[in-house]
Structure formats: structure tokens, C-alpha cells
Amino acid sequence: MKRTARPENVHQATLLRLLRDGGRSRAELGDVVDLSRSKLNVELDRLVELGLAEPDGLAASRGGRRSGRVRLSPRTRFAGIDIGATSIDVAVTTGELEVLGHLSERADIREGPAAVLERAVELVGKLRREGLCSELNGVGIGVPGPVSFAEGVPVVPPIMPGWDRYPVRETIGQELGCPAMVDNDVNIMALGELHAGLAKNVDDFLLVKIGTGIGCGIVVDGKIYRGVSGSAGDIGHIRVDDLGPVCACGNSGCLEAYFGGAALAREAAALARAGGSARLAERLAVAGALTGEDVAAAAAQGDPGAIALIRDGGRRVGQVLASLVSFFNPGLVIIAGGVARLGHVLLAEIRSVVYRRSLPLATGNLPIVLSELGDTAGVVGAARLISDHVYSAT
């Protein structure tokens, strides 16, 4: 495995993370770090020697001698791999996490780790062959299940048969020849929002992903909160009805069993067969099965049955989220994921329930919004994850 250059101390690591948001003058960096001018220049010069940064001309004068600008090395490349239950997204980014190339394709997590990870590596290879990178400085990976962050392995993931304790970090790192980090897919989406999305200036927020599964990324003071064993935010398995349908985790009445992607498809098919939605019945007759996209399309055309399905799911999500908001008091809630593309009918129902049921002090200035990053949130967040590792002194 290629040894990627790393900062030698905490000062260099801090400077690299500041430069990740764009090049700055030495004077501007001096304004935000607790270093003397001479010490700052020593550390920046050393980062240039290590190949992690480079000079970038002169900044505009601030009244005296013009300060030299510094930026991250333009040769730095990270890969982000976002593995979902039904898809794989892969991107190559610069050191500043600008996406240079992005590929996405359908996949089935149930095919097992060997097949799915092999395909992810092939997609990275395709971007390499397009000339986006000759070598990688690191790769971040997200998977749709609980992860032991310290070990880099999934742990008893409900919708990932065959993946329990599979060495994902080690496998991908060896295949791509660079450092690798693995986290839950919702956490990397939250990192993506933190870096480039609606949460860029928010230190404490929740990202709720509603897709095949339902999960919540928890960001506290600008950092992902994972809990003791990495399962923090697994809200899809909060019970909302003791007598509800059986969930993939084996319990009954989980939120995910009511409004995950598979649950929505099941409820839509049942509604169509019962004559509750003419548009869904037409689609079912043609396709033989229904998806969340079909429900969204029917709702957009004003189908009352489809709209009722979305509102019912939004109500249940809102009930769980209301408790989380009262408990955590976030500054922002972002709704993301494939099912979240049901759009503003879903968002309006979630907002209504949360604002009605949560403590007024917690919701007085609380925006609840749909993600604007779409499919790039995960890959940008995965690149952010590995850059946090590479741009650290430990």
C-alpha cells in the first residue's frame, strides 16, 4: 500500500483542514491559528516540502507588504465510495473535495461483499482510466448498516446478508493501494452536507436518510457522533407500533417497516390492488411491481391514494423525529435519501408533526429542509471522511 504523506504535528493538520476550504494567504491563516508568524511560516514551508501544499502567488495587499498565498497540492486525489442497498456511487475529488468525476449504477447489497466491493473498485478504476488520477491519497467508503468505525467492518447489518465483520476497510485499501476509512452511509451523507451542503455553517444538526432503510446522522460541534459501538442514529429500528409489520431486523413495528423503500412499495401495491389508487393500479399492471418513484409520480399527478401514503409515512417519521428534536435540540434537520424525493408533501407532513409535538424552545428557530446535494452528498462525505484522516497528525 502506498504511504500517503501526512502532517507531522497538530499545527500542520489544522492548516491543511483550513486549506481544504480553499487557498488562503499566510496572513489570513495567521488570523485564525494560534501561532507566531515565524512558526506559521515554518509549518507552511514544511507542508510544501512534504508535497501536501504549494505556493499560490500573492494575495491582495492589506495595507503593507503583500502576503503569499498557499493552497493544497493540486495533485492530491481522494475517492469517495457510497454503497447503498440498491446502488453504488463513486467519485474522485481534489484535496479540496471538488468532484472531478462521478459514476453511479444500480447494485444489490444482497449479492455480498466480494461482488459489490469488486464492482466499486472497478468503477474507481474507470475514473482512473479517464485520467482523473494516477494515484489516490485515500478512499472513504459508506455502507448501509452499522459499522465498527475503529475496525472498519460492518457489524450485524440487517439489510446486508454476508457482510457481518467483513474487512471492508482492509479490502478496499489493499485493492486501491491507499489509506481507507469506512463508516455508515448516513454518516458520510451528513459529512457531505457539513462540507458542501445546507449544513456548511451549522455545528449541530441531524440528517435523516429515508431510503431502503431509515437512519440518522448526528453531528455535534461539527463532528459525527457515532456512539460507543457505532450504532448511534439507527432510528429506523425505533418501534412506532407494537402490533406493526415485521422488520428486516426481526422486530415488529419499526419505523423502517412502515416507511422504508420496501415498505412503501409494499403498501403501494396493496393500495393499488384494493382499488385505492387508479394511477398506481395502472403502473402495477404494466410493471408488475411498484417503487417509491411510482408513488412520487402518482402523487405529483394529484392521486389522493398516493398522497395519503406519503402523508402517513411522513407522520410516522415526524413522530420519531419530534422526540429526537426535543432530546437533541439541533440547529437544522435535513431530510435526504431516495424516498425523500417524494418531496414537499412528505416534508410538509414531517414539519407539521415535529413543530406540533416538539418543545417550542427546540423548534422556535429550527429549519427542516430537503437536501440539495442529491446523489453527491455520500461521495463528497466519503471523501471528507478520508481527508479528515489524511489531514490529521495521528
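Right above here is the structure, for reference.
Residues numbered from 1 in each chain as written. Predicted model: local features only at pLDDT ≥ 70, side-chain atom pairs only at ≥ 80, totals over all residues. Heavy atoms only, no water.

(A) Highlighting the environment of A298. With respect to the helices, strands and loops of the structure, A298 is situated in helix α10 (residues 292–300). Sequence separation between A298 and L280 is 18 residues; the distance between their C-alpha atoms is 6.7 Å. When neighbours within four sequence positions are excluded, A298 is seen to be in contact with R279, L280, D303 and A306. (Helix = DSSP H or I, 4+ residues; strand = E, 2+ residues; numbered from the N terminus. Contact = heavy atoms within 4.5 Å.)

(B) Quick look at the side chain of T93. Structurally, the position occupied by T93 is in strand β5 (residues 87–94). When its relative accessible area of 0% is taken as the criterion, T93 is described as buried. Setting aside anything within four residues of it in sequence, one finds T93 in contact with T76, R77, F78, E98, V99, L100 and A383. (Buried < 20%, exposed > 50% of the residue type's maximum accessible area, 1.4 Å probe, protein only.)

(C) Structural context of the layout of surface pockets. One number sums up the size of the second largest pocket: a volume of about 840 Å³. If you trace the second largest pocket, you find 26 residues lining it, with R17, R20, G222, R384 and D388 closest to the centre. The leading source of residues in the lining of the second largest pocket is helix α14 (residues 376–390), at four residues. (1 Å grid on protein atoms, 1.4 Å probe; cavity = no way out; pocket = protein on both sides within 12 Å on 5 of 7 lines; lining within 4 Å. Points joined across faces, edges and corners; volume = space filled by probe spheres on them.)

(D) Layout of the pairing of β5. Counting buried positions along β5 gives seven out of eight residues, so the element sits mostly inside the fold. Bridge count between strand β4 (residues 77–83) and β5: seven bridges; the pairing is antiparallel. Paired with G80 across the bridge in β5 is A91. With antiparallel pairing between neighbouring strands as the criterion, β4 and β5 make up a hairpin whose turn holds three residues. Sheet topology note: the β5/strand β6 (residues 99–106) ladder contains seven bridges and is antiparallel. Bridge pairing in β6 links I88 to E105. Joining the antiparallel neighbours β5 and β6 is a turn of four residues, in which L97 adopts a positive phi near 70°. (Pairing = 2+ DSSP bridges.)

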